[in-house]
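Breakdown of the fold
Each chain, written out:
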Number of protein chains: 6
Amino acid sequence: MSENLRLDGRQVDQLRPISFEPGIAPNATGSVLVSFGNTRVICSATIEKRVPGWMNAQGVEGGWITAEYSMLPYSTLDRKPRDSSKGRVDGRTVEIQRLIGRSMRAVVDLKKMPGMTLWIDCDVLQADGGTRTASITGACVAAKMAFKRLMNDGVLAENPMENSVAAVSVGVWQDLEVLDLPYVEDRDADVDFNVVMTSAGEFVEVQGTGEEATFTQEQLDRLLSLAKKGIAEISDMQSAALA
Amino acid sequence: MSENLRLDGRQVDQLRPISFEPGIAPNATGSVLVSFGNTRVICSATIEKRVPGWMNAQGVEGGWITAEYSMLPYSTLDRKPRDSSKGRVDGRTVEIQRLIGRSMRAVVDLKKMPGMTLWIDCDVLQADGGTRTASITGACVAAKMAFKRLMNDGVLAENPMENSVAAVSVGVWQDLEVLDLPYVEDRDADVDFNVVMTSAGEFVEVQGTGEEATFTQEQLDRLLSLAKKGIAEISDMQSAALA
Amino acid sequence: MSENLRLDGRQVDQLRPISFEPGIAPNATGSVLVSFGNTRVICSATIEKRVPGWMNAQGVEGGWITAEYSMLPYSTLDRKPRDSSKGRVDGRTVEIQRLIGRSMRAVVDLKKMPGMTLWIDCDVLQADGGTRTASITGACVAAKMAFKRLMNDGVLAENPMENSVAAVSVGVWQDLEVLDLPYVEDRDADVDFNVVMTSAGEFVEVQGTGEEATFTQEQLDRLLSLAKKGIAEISDMQSAALA
Amino acid sequence: MSENLRLDGRQVDQLRPISFEPGIAPNATGSVLVSFGNTRVICSATIEKRVPGWMNAQGVEGGWITAEYSMLPYSTLDRKPRDSSKGRVDGRTVEIQRLIGRSMRAVVDLKKMPGMTLWIDCDVLQADGGTRTASITGACVAAKMAFKRLMNDGVLAENPMENSVAAVSVGVWQDLEVLDLPYVEDRDADVDFNVVMTSAGEFVEVQGTGEEATFTQEQLDRLLSLAKKGIAEISDMQSAALA
Amino acid sequence: MSENLRLDGRQVDQLRPISFEPGIAPNATGSVLVSFGNTRVICSATIEKRVPGWMNAQGVEGGWITAEYSMLPYSTLDRKPRDSSKGRVDGRTVEIQRLIGRSMRAVVDLKKMPGMTLWIDCDVLQADGGTRTASITGACVAAKMAFKRLMNDGVLAENPMENSVAAVSVGVWQDLEVLDLPYVEDRDADVDFNVVMTSAGEFVEVQGTGEEATFTQEQLDRLLSLAKKGIAEISDMQSAALA
Amino acid sequence: MSENLRLDGRQVDQLRPISFEPGIAPNATGSVLVSFGNTRVICSATIEKRVPGWMNAQGVEGGWITAEYSMLPYSTLDRKPRDSSKGRVDGRTVEIQRLIGRSMRAVVDLKKMPGMTLWIDCDVLQADGGTRTASITGACVAAKMAFKRLMNDGVLAENPMENSVAAVSVGVWQDLEVLDLPYVEDRDADVDFNVVMTSAGEFVEVQGTGEEATFTQEQLDRLLSLAKKGIAEISDMQSAALA
């Protein structure tokens, strides 16, 4: 790996610079501006003191987590029309917000937040690949901040979120298996994985896709190893940001 | 595995009875009613002689494949309201139709169907778990029939679809790793995988989710082995149905 | 009428082959696949144990019947876009589902199904003219099956549906007054009637339209006679299918 | 018929007072405020110098007629929410505007208005039963005025509308067969017919419905006679209003 | 001001002929057809015996006033598509109905109409500039009529509307400061004001806009003087119409 | 004014601390995060090289400016549902984006940006009153930055925006006439003005509203003086930020 093959000068197993700016949205219960290189996402966590109608209807106890994701119109080089002006949310957005919601629910004990909904909002300020993995990573930090505040305020007795969760993309780009793809790599990748793991090293979600391509068991194994390495590093950065 | 632990009497690595009834919708270019046990899906493939606007706008050559998925209102025990009466398509539906589309595009050479859109429609007649994997499996058969007909009619010079594609679910249910989950297992599963592979044994898509749970590398490995075994069997049944 | 003038070789007063395949959708309370020649419609009847909000609001007693009709996208030679992808139900569909609902309510005693809604769903699998009349005819069979099951299960004390109801189209095509028009006749007809009658020989609905044409009293009389003859035959076939 | 049985003192075969106030909407090509007793409808006819997209796409020559119908929110005793605030047009409205459109197209030679769309708008100012039949009757007068103006202005060479068209309701109310039902009779009627005829005495549309009831051939015959008598009278009033 | 510079022969400070035709919509609680020259608007006031959900939710006492505004499709020389056929209300309409609602609430004591919503509906029959100011002026008359009727019927103990409210447009057109602009002046005006005042001479709303232009303090002062003069005259006409 | 009466300790004619953070959204042509105290808005200006369809259809030359405004869900203390999840843009939002658009068009010479649309996006990150006036003020800075960049890049020959534009709120709160109202004052104000002026001291827009109240000529005069003072100060800060 002595020779550098990536356009931005990174090693194949090297993350982009990652940073967290807490408190970006003071009216949220917790919030952070997360950056993975030029990808920047406003992540917020807001508590609402009621649960969705279906929980009451079905008599389900505990709380709920819902995530919404949006690309701000100026996040892309060509302005992206707002979902509200189109009157509907597009398929990619739906997929991403469902993924964020599942990832958060995997590490939160919903029973410990009875009668509450945690709203996760991820708004992309600048898009350069990996917005969904940055969103999950930032959402975890925002949620941790929110739960800490609710414990301090005596609203919650126990912390519903012991572990943290982080995500990263890996893929096959120009026959290289690479970590944390920026837009130019992502656009041309043959295989694209998004991997979500806990700070305890367990998988939450593995989504691997060959867009007009396929992949072998060996590729899958190597890509997951790469993702594990990246997530372990991100996990440490989350802890540092929350300390 | 001598002791039977599944509710329907199957071994953990045993598929449900799978069958294909071709020609269910004679006005489609190709169609099949696919059954995975009590899960039954009408799959059709229809050729439209134009491509989406964005292909013309961006100057992309070749053809396109779009998939639509729907659960008929009487497919579930409690009647499911139609998307049209709600005025919008729900998130789960969007996710599934995007998955079907990607799976088909992975095994079709779009360059060999210039100026055409292949519409894949999957309408669930009876739902008992695994409707998305049955849909992909049936869609492949319907598409193969459609392409054969277009070759016979001289509309296509070359077959755009050499390989076939099939899908199956695997998961962790009551600490068992099981193949092809019916609704009662799917509902209670801790880990749920949908795996799509080609008849050549390569992966097209791996989607593994721990819904309010996580999974280890070892579980992932064993679940993928189980899926491979199932898909190899399904692939043979597809070939037989098309013979 | 010795000389045969219709494209499919039928006499002017002859029905297409009609058949009923019960149990097509096992999760519905009752279901049937009805065929009028190449027109094939999945008809189901599902009981929901509540009534529409307006009945509670207005203090109306008894139950209700609601019908939904849809043409599956592969039912036509050119693929028909789904209502859900257009975000609204078109005018023709609205007209047809209102007609099906009224036809069923005319032969069901709503007082005898208190607190229940009977959902009638008609999905056209293959369209070749007369889909609305086939839908009504099939919906009657599905509903009869559903009520029989509810009586057997002890959910209903009395049968709310004594009579049956059936429907047929008649029209003026190339100066011939013809029964049960397939698409090619329907498309070119000057006058188009849809007639709904009970098994007791009474009218439920008469809808006669001169599309960019008019018709006389004498034509109306002869067309209604033709419809009566057809409906009497269909009524017998319904009874046989339910026996 | 010496004894008077109707609530408003009319004979069973007697129309309500009918009047036409032309020019109610001066910016339309033709317009009239039509009254059938307390039912009052603003009817306008406006020419647009283009045809619907499907006519160009299919290469259909001539012009087109489209009708829109709406109940103004203050037309009913309880305020009726606007379609626009509900975001969709309800089923009854769709049915009525399709009926108005067909009725007008039956008496207009679309070939004689090439490249033009005639928009018929019917807005109910006060509703007391029979709004659809009043709408058709008024729309005919507005359209005649519009065509006359277009001929005078040299826009049209020939009059596309030789005959006129009128409509009336008949029904069975408290075992009486009655003409031109106001709301209180319509609400309780067992059988409800809307009949549309030309000034030449031919039928354009017959819609007879037994709402939760049925009707015999004899009832149908007598109701159509009643309708004919009423329409002949209305037809004369239209002529007088246009003279 | 001896020389006449306006296209319709008016002095710069002269109103168009204004008239009120009460009772245009008899099913409303109060209604009037108001004319400002060729601008004619149907204004109605209807009482509904409940309040919006947010009032109950927030525990707000008293009643509420909501206004809806619409241009009928034949009100303009080129037919204006209905909001309902577009599926949404456009921005200009939203702005106007919010303005009408605020204007009415400024002169009505909502505490004196507990548990009631007053619906103001303004439908433009003919549009020639100033439809929003005519709407407010007519809405006031309709509301006064409605409250009078409710007091007579004993539904209200006290009159919630002591003062009246009226509105007029003023603007800068071809360097002239003019009162009550018709469409041809409004279209070309550099500065456009809508002013709403009470019969007591106080302002309710001042909206002044330089569309692709600006205006000075001196212009603002002179335009408001012109508006005051006009509103005082309109206020007298309202009183006369209600006497 | 020696005694301090405002909750946040300001004088009645004192602005909140105002700041501009340029470059917040690097993919936009120009962008700034503007703060008026705790009200913070992301303002961006993006050039699109085409104009709205109606300009081409009507043959209007030059360019266009469109503004979109949104409150991010975490901008308020109680989470605000997204417009996209409601499927429509609410009335207040429509009003504000129209105001921003008009304000920008008043100071930009559209003829000097032929064939281009300038998209102004204002997303409220934190809301504490005066979001619309902060949006206009920030939008001006973002647009100036965008035009400067387009001139530097040789895309534009001349600067279309000579003057700048700024806005502020004034109102009557607890009988005090105050400048730049935060949420707690705005909520309880009897009279609320939004004033938009150019750097040359001319008015662009004056919107004064008495919500369930009225105001006199004298109050109007004093409030406009207060606004002028504030806008002159803001104008200087804009210049400093752009220097």
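Structure shown above.
Throughout what follows, the structure given in this document is the object of discussion. Starting afresh in each chain, residues are numbered from 1 along the sequence in its written order. Chain A is the first chain written and ligand 1 is the first ligand written, with later ones labelled in order. Two thresholds apply to this predicted model, a pLDDT of at least 70 for residue-level local features and 80 or more for giving and counting side-chain atom pairs, whereas whole-chain, interface and lining totals are computed over all residues. As a convention, hydrogens and water are excluded, and side-chain values are obtained from all of the structure's heavy atoms.

1. Regarding the overall build of chain A
Of the regular secondary structure elements, chain A holds six helices and nine strands. Overall, chain A is about 55 × 40 × 35 Å in size when its C-alpha atoms are taken along their principal axes. Burial analysis of chain A (243 residues in total) assigns 62% to the buried set. A contact between two residues is defined here by any heavy atoms of the two lying within 4.5 Å. Within chain A, residue pairs in contact and separated by at least 24 positions form 68% of the contacts whose partners lie at least 6 positions apart. Accessible surface for chain A amounts to roughly 9300 Å². Of this, 47% is attributable to carbon and sulfur atoms. Starting at the N terminus, helices and strands are each numbered in turn, a helix being any DSSP run of H or I of at least four residues and a strand any DSSP run of E of at least two. Buried means the residue's accessible area, taken with a 1.4 Å probe over protein chains only, is under 20% of the maximum for its type, while exposed means over 50%, and partly exposed covers the values in between. Accessible surface area values rest on a Shrake-Rupley calculation with a 1.4 Å probe, where residue burial reflects the displayed protein chains alone.

2. What to know about the interface of chain B and chain A
Taken residue by residue, the interface counts 31 residues in chain B and 31 residues in chain A. Note on terms: buried area is the combined drop in 1.4 Å-probe accessible area of two parts once they are placed together, counting the loss on both. In this assembly, chain B packs against chain A so that about 2800 Å² is buried in total across both faces, 49% of it on carbon and sulfur atoms. Between Lys or Arg on one side and Asp or Glu on the other, a salt bridge is scored when a side-chain nitrogen of the former is within 4 Å of a carboxyl oxygen of the latter. Remark: the boundary between chain B and chain A carries four salt bridges. Close ionic contact of B:Arg102 with A:Glu95 constitutes a salt bridge, the shortest N to O distance being 3.7 Å. Residues adjacent in sequence count toward polar contacts only when both atoms are side-chain atoms; beyond that, a polar contact is any pair of N or O atoms within 3.5 Å, and within protein one must be able to donate a hydrogen and the other to accept it. Our count for the contact surface shared by chain B and chain A stands at 14 residue pairs in polar contact (both at pLDDT 80 or more). For the side of chain B that touches chain A, the secondary structure elements donating two or more residues are α3 (91-107), β9 (203-210) and α6 (217-242) of chain B. In terms of residue class, the side of chain B that touches chain A is built from eleven nonpolar, nine polar and eleven charged. In this count, Pro and Cys sit with the nonpolar residues alongside Ala, Val, Leu, Ile, Met, Phe, Trp and Tyr, while Asp, Glu, Lys and Arg are called charged and the others, Gly among them, polar.

3. Quick notes on the side chain of F:Thr209
With respect to the helices and strands, F:Thr209 occurs in strand β9 (residues 203-210). A residue is classified by how much of its surface remains accessible, and F:Thr209, at 13% relative accessible area, is buried. In this structure the side chain of F:Thr209 is engaged in a polar contact, spanning 2.9 Å, whose partner is the side chain of E:Glu205. Excluding residues that lie within four positions of it along the chain, F:Thr209 makes contacts with E:Arg102, E:Val204, E:Glu205, F:Asp190, F:Val191, F:Asp192 and F:Phe215.

4. Considerations on the packing of aromatic side chains
Within 6.5 Å between ring centres, the rings of Phe, Tyr and Trp (the latter by its six-membered ring) count as paired, and their orientation is classed by plane angle as stacked under 30 degrees, edge-to-face over 60, tilted in between. Applying the stated criterion across every chain, the model contains 18 aromatic pairs over all chains. Ring centres of B:Phe193 and B:Phe215 lie 5.2 Å apart, and the angle between their planes is 70°; on these two criteria the pair is classed as edge-to-face. Taken together, the residues B:Phe193 in strand β8 (residues 191-198) and B:Phe215 in the loop between β9 and α6 connect sequence positions 22 residues apart. Summarising the burial analysis for this pair, B:Phe193 and B:Phe215 share the class buried. Counting every residue linked through ring pairs, the aromatic cluster contains A:Phe193, A:Phe215 and B:Phe203.

5. A few points about the pairing of strand β7 (residues 176-179) of chain A
Residue and element names in this part refer to chain A. Alternating positions in β7 separate into two faces, Leu176 and Val178 on one and Glu177 and Leu179 on the other, with burial throughout. The sheet contact formed by strand β6 (residues 165-173) and β7 spans four bridges and is antiparallel. Directly across from Trp173, in β7, lies its bridge partner Leu176. Two strands qualify as a pair provided DSSP detects at least 2 bridges between them. What sits between β6 and β7 in their antiparallel hairpin is a turn of two residues, with Gln174 showing a positive phi close to 50°.

6. Remarks on the interface of chain D and chain C
The interface is formed by 31 residues belonging to chain D together with 31 residues belonging to chain C. When chain D packs against chain C, the two sides together hide about 2800 Å² of surface, and 49% of this comes from carbon and sulfur. Three residues stand out in chain D for area buried against chain C, namely D:Glu95, D:Phe203 and D:Thr214, and they jointly supply 19% of the buried area on that side. At the junction of chain D and chain C, the tally comes to four salt bridges. Mapped onto the side of chain D that touches chain C, the elements with two or more residues apiece are α3 (91-107), β9 (203-210) and α6 (217-242) of chain D. Classifying every residue of the side of chain D that touches chain C by side-chain character gives eleven nonpolar, nine polar and eleven charged. With five bridges joining them, strand β9 (residues 203-210) of chain C and β9(D) adopt antiparallel strand pairing.

7. Quick word on empty space enclosed by the protein
Cavities and pockets are defined on a 1 Å grid built over the protein atoms alone: a cavity is a set of grid points where a 1.4 Å probe fits but cannot escape, while a pocket is an open set with protein on both sides within 12 Å along at least five of seven lines, and lining residues are those with an atom within 4 Å of any such point. Grid points are joined across faces, edges and corners, and a volume is the space filled by probe spheres set on the points. Here the structure, examined in full by the defined rule, presents four cavities of 30 Å³ or more. Considering only enclosed or pocket space, the largest cavity measures out at about 60 Å³ in volume. Around the largest cavity, the lining residues are E:Glu95, E:Leu99, E:Arg102, E:Arg132, E:Gln207, F:Glu95, F:Arg102 and F:Gln207. Going through the elements one at a time, α3 (91-107) of chain E together with α3 (91-107) of chain F are the ones with two or more residues in the lining of the largest cavity.

8. A few points about a negative patch on the surface
Together, A:Glu218, A:Asp221, B:Glu218 and B:Asp221 give the surface a local cluster of negative charge. Of all the secondary structure elements, the ones that give two or more residues to the negative patch are α6 (217-242) of chain A together with α6 of chain B. Tracing the backbone shows A:Asp221 in helix α6. Patches draw on residues past 30% relative accessible area with no salt bridge. Two like charges within 9 Å are joined, as are two nonpolar side chains (Val, Leu, Ile, Met, Phe, Trp, Tyr) within 5 Å. In this tally Asp and Glu are treated as negative and Lys and Arg as positive; neither His nor the chain ends contributes. A charged residue contributes its charge at one atom only: NZ of Lys, CZ of Arg, CG of Asp or CD of Glu.

9. A few points about the sheet that holds strand β3 (residues 39-48) of chain E
Residues and elements named next belong to chain E. Read from one edge to the other, the open sheet built from five strands follows the order β1-β2-β3-β5-β4, with strand pairing classed as mixed. Strands with a single pairing partner mark the edges of an open sheet, and in this sheet they are β1 (18-22) and β4 (64-71). Averaged over all neighbouring strand pairs, the angle between strand axes comes to 20°, with direction disregarded. Where helices are involved, their axes are fitted lines through C-alpha atoms of the stretch in contact, as for all axes, and angles between N-to-C directions lie from 0 to 180°. The strands touched by α3 within the sheet are β4 and β5 (117-126), with β4 carrying the most contacts at an inclination of about 145°.

10. Looking at the packing of α3(E) against α3(F)
Orientation of α3(E) relative to α3(F), taken along the N-to-C sense of each, is 110°, at an axis distance of 9 Å. By the angle between their directions, the pair α3(E) and α3(F) is classed as roughly perpendicular. Every pair of crossing elements has a handedness; the one defined by α3(E) and α3(F) is left-handed. Residue-level contacts link E:Gly91, E:Arg92, E:Val94, E:Glu95, E:Arg98 and E:Arg102 of α3(E) to F:Gly91, F:Arg92, F:Val94, F:Glu95, F:Arg98 and F:Arg102 of α3(F). Residues belonging to the contact of α3(E) with α3(F) are distributed by class as follows: two nonpolar, two polar and eight charged. Angular relationships are summarised with four words: roughly parallel below 35 degrees, roughly antiparallel beyond 145, roughly perpendicular across 65 to 115, and oblique for the angles in between. By the definition used in this description, the sense in which the near helix is turned from the far one sets the handedness, with an anticlockwise turn below a right angle giving left-handed and a clockwise turn giving right-handed.

11. Some thoughts on the relation of the copies chain D and chain C
The copies were overlaid by least squares, fitting only the C-alpha atoms of residues that reach a pLDDT of 70 or more in each copy. With an RMSD of 0.0 Å, the operation that places chain D on chain C is a rotation of 180° combined with a shift of 0.0 Å along the axis. Taken together, these values place the two copies in the relation of a two-fold axis. Distance from the rotation axis, computed per C-alpha, reaches its smallest value in chain D at D:Gln207: 2.3 Å. A high fraction, 100%, of the interface residues of chain D reappear at the interface in chain C, so the copies pair face to face through one surface.

12. Some details on the sheet that holds strand β7 (residues 176-179) of chain C
Reading across the sheet, the eight strands line up as β7(C)-β6(C)-β8(C)-β9(C)-β9(D)-β8(D)-β6(D)-β7(D) and stay open at both edges, with antiparallel pairing between neighbours. Single-partner strands in this sheet number two, and they are β7 of chain C together with β7 (176-179) of chain D. Direction aside, the axes of adjacent strands within the sheet are offset by 15° on average. Sheet topology note: the strand β8 (residues 191-198) of chain C/β9(C) ladder contains seven bridges and is antiparallel.

13. Side note on the side chain of F:Arg79
In this structure, F:Arg79 sits in the loop between β4 (64-71) and α2 (83-86). In this structure the side chain of F:Arg79 is engaged in a polar contact, spanning 3.1 Å, whose partner is the side chain of A:Glu68. Side-chain polar atoms of F:Arg79 contact the side chain of A:Asp121, separated by 2.8 Å. For F:Arg79, the residues in contact, after removing those within four places along its chain, are A:Thr46, A:Glu68, A:Trp119, A:Asp121 and F:Pro73.

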